[in-house]
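As a plain string of letters, each chain reads:
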Amino acid sequence: MPALPSLPRPPLPAELLPGSLRQRIGERLENFRVPDFKVPATLAKLVSRLPQQPPTHVLTLALNLALGRILPRETLAPLTGHHLQMRVLDAGLTLDFTLDERGFRRVTPTPGNKPALIISATTRDFMALALREEDPDTLFFSRRLRMEGDTDLGLLAKNTLDAVDWDALKAKLTGRR
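Parameters at a glance
Residues numbered from 1 in each chain as written. Predicted model: local features only at pLDDT ≥ 70, side-chain atom pairs only at ≥ 80, totals over all residues. Heavy atoms only, no water. Core = buried A, V, L, I, M, F, W, Y, C linked by side-chain atoms within 4.5 Å. Buried < 20%, exposed > 50% of the residue type's maximum accessible area, 1.4 Å probe, protein only. Helix = DSSP H or I, 4+ residues; strand = E, 2+ residues; numbered from the N terminus. Contact = heavy atoms within 4.5 Å. Pairing = 2+ DSSP bridges. Axes fitted to C-alpha atoms, helices over the stretch in contact; angles between N-to-C directions. Expected span 1.5 Å × (residues − 1). Patch = residues over 30% accessible without salt bridge, like charges linked within 9 Å, V, L, I, M, F, W, Y side chains within 5 Å. Areas by Shrake-Rupley, 256 points an atom, 1.4 Å probe, with all protein chains shown as cover. Salt bridge = Lys/Arg side-chain N within 4 Å of Asp/Glu carboxyl O.

Draft legend 1. Structural view of the nonpolar core. One finds L76, L79, F97 and F104 to be the most contacted residues of the largest nonpolar core, which totals 28 residues. Breaking this core down by element, the ones donating at least two residues are α3 (53-66), β1 (84-88), β2 (93-100), β4 (117-121), α5 (123-130) and α7 (151-163). It is β2 that provides the largest number of residues to this core, a total of 4 residues. Setting aside anything within four residues of it in sequence, one finds L76 in contact with L67, L71, L99, F104, L156 and T160.

Structural data, given as structure tokens:
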């Protein structure tokens, strides 16, 4: 049986865009700032009553895509087996998850069993943190990012976020070197 020919490397997302459009998007990304906003209380009340599994699934999917690429698995090993919770205060979201040998996955909270680490902030602050507009220390000391529970796990999460090379990731996404 003859060998199958090798397939070409698929293009990176940035390579799919024409040069001028890629450049304009890159310029907008460089100058983008998350506006100061808050999710309306009526929407947060509605969201808090909806099942939390879909947004938790999105979070764990994103974390798993980053795991091993921008989030070093060996650094996160101490999180393994611990119940973690992320609270998006103004949106009414409570996302429960854990890390196991296969990656991040959703956890069903049980009454009386408190998570090992709870990280709380507003939607805007989580977005600013992800886009590196704010660093975890600034948000923490201004009491806009709260961590409850195991302080060692909280420091690990904060230091891991600090260690990610977000500029390299942004350059990869926009096609800039």
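Next comes the rest of the account.
Draft legend 2. Molecular detail of the pairing of strand β3 (residues 103-106). Pairing between β2 and β3: 4 bridges, direction antiparallel. By the bridge assignment, L99 is partnered in β3 with F104. In sequence, β2 turns back onto β3 through a hairpin of 2 residues.

Draft legend 3. Representation of the pairing of β4. With 4 of 5 residues buried, β4 lies mostly within the body of the structure. Note: β1 against β4, 5 bridges, orientation parallel. Its bridge partner lying in β4, Q85 is registered against I118. Where β4 meets strand β5 (residues 146-149), 4 bridges bridge the pair, whose relative direction is antiparallel. By the bridge assignment for β5, I119 is matched with M147.

Draft legend 4. Main features of the sheet that holds β4. The 5 strands lie next to each other as β3-β2-β1-β4-β5, forming an open sheet whose pairing is mixed. Looking at which strands have only one partner, the edges of the open sheet turn out to be β3 and β5. Averaged over all adjacent pairs, the angle separating strand axes in this sheet is 25°, with direction ignored. Together, β4 and β5 form the strand contacts of α7, whose direction differs from that of β4 by roughly 50°.

Draft legend 5. Just α3, in detail. The end-to-end C-alpha distance of α3, which contains 14 residues, comes to 20 Å, matching closely the 20 Å that a straight helix rising 1.5 Å per residue would cover. Elements that come into contact with the buried residues of α3 comprise β1, β2 and β3. Just downstream of α3 lies G68, where phi reads positive at about 85°.

Draft legend 6. Fine view of a nonpolar patch on the surface. Together, L43, L46 and L50 line one region of the surface with nonpolar side chains, adding up to about 270 Å² of accessible area. Mapped onto the elements, L50 comes out in the loop between α2 (41-49) and α3. A relative accessible area of 44% places L50 in the partly exposed class.

Draft legend 7. The pattern of salt bridges, seen in detail. All chains considered together, the criterion is met by 6 salt bridges. The closest approach of N and O atoms between R33 and E133, which form a salt bridge, is 3.8 Å. Here the residue R33 occupies a position in the loop between α1 (19-31) and α2, and E133 occupies one in the loop between α5 and α6 (136-141), the gap between them amounting to 100 residues. According to the relative accessible area criterion, E133 is buried, its value standing at 16%. Of the charged contacts in the structure, one is a salt bridge between D125 and R124, with a shortest N-O distance of 3.9 Å. Residue D125 shares its accessibility class with R124, and that shared class is buried. Connected through salt bridges with shared partners, the residues R33, R124, D125, E133, E134 and R144 form a single ionic network.

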